[in-house]
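# Topology and contacts: notes
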Amino acid sequence: CALPILLQDKSLDSKLISKVIYPYIDGILNISNSQEVNFKYVANLFFDLFARSRELFFMYGELSGKPMERPIELNQETKRKLSEVVSKALQKEVNP
């Protein structure tokens, strides 16, 4: 489920992030303090933490807005080779 972790001013709601992430950290600390390790619990905990962190990144990773785009400068020889490769690929599609 999506969490509204952004405040009105577009800053992160640190209390909500703590509420989401800290239980995983507590689980990791419990594992490190434990004498016995339940590997299924550890695997599930790390999988859930990874999945949740990726979900939050995909939703809120680009806080500043649009990603920056800039052209790549290519020298003439590279442009020529690229053009040849694309032309050959298109020719193969048109005339198999």
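Residues numbered from 1 in each chain as written. Predicted model: local features only at pLDDT ≥ 70, side-chain atom pairs only at ≥ 80, totals over all residues. Heavy atoms only, no water.

### Brief notes about the overall build of the chain
The condition that has to hold: The numbering of helices and of strands both runs from the N terminus, where a helix is a DSSP run of H or I of at least 4 residues and a strand a run of E of at least 2. Throughout, a contact is declared for two residues whenever any of their heavy atoms are within 4.5 Å.
Helix and strand counts for the chain stand at 3 helices and 0 strands. Secondary structure elements of the chain occur, N-terminal to C-terminal, as α-α-α. Residue pairs in contact within the chain that sit at least 24 positions apart in sequence constitute 49% of those at least 6 positions apart.

### Some words on the pattern of salt bridges
Put simply, the rule reads: Criterion for a salt bridge: a side-chain nitrogen of Lys or Arg within 4 Å of a carboxyl oxygen of Asp or Glu. Only protein chains enter the area calculation, which uses a 1.4 Å probe; residues under 20% of their type maximum are buried, those over 50% are exposed, and those in between are partly exposed.
This structure, assessed with the given rule, holds 3 salt bridges. Across the pair R80 and E77 runs a salt bridge, and its minimum N-O distance is 2.4 Å. Of this pair, R80 and E77 both sit in helix α3 (residues 76-94), 3 residues apart, which is roughly one turn of that helix. For R80, a relative accessible area of 38% gives the class partly exposed. Measuring nitrogen to oxygen at the nearest pair gives 2.3 Å for the salt bridge that ties E84 to R80. Here E84 and its partner R80 are both found in helix α3, 4 residues apart, which amounts to about one turn of the helix.

### Here's the deal with the nonpolar core
Formally: To qualify as a nonpolar core, a set must consist of buried Ala, Val, Leu, Ile, Met, Phe, Trp, Tyr and Cys residues joined through side-chain atoms within 4.5 Å.
Counting 5 residues, the largest nonpolar core is built from Y24, I31, V42, L45 and L49. Among the secondary structure elements, those contributing two or more residues to this core are α1 (14-33) and α2 (39-60). Per-element accounting of this core gives the leading share, 3 residues, to α2. In this view, L45 contacts Y24, G27, I28 and I31; residues no more than four positions away in its chain are not counted.

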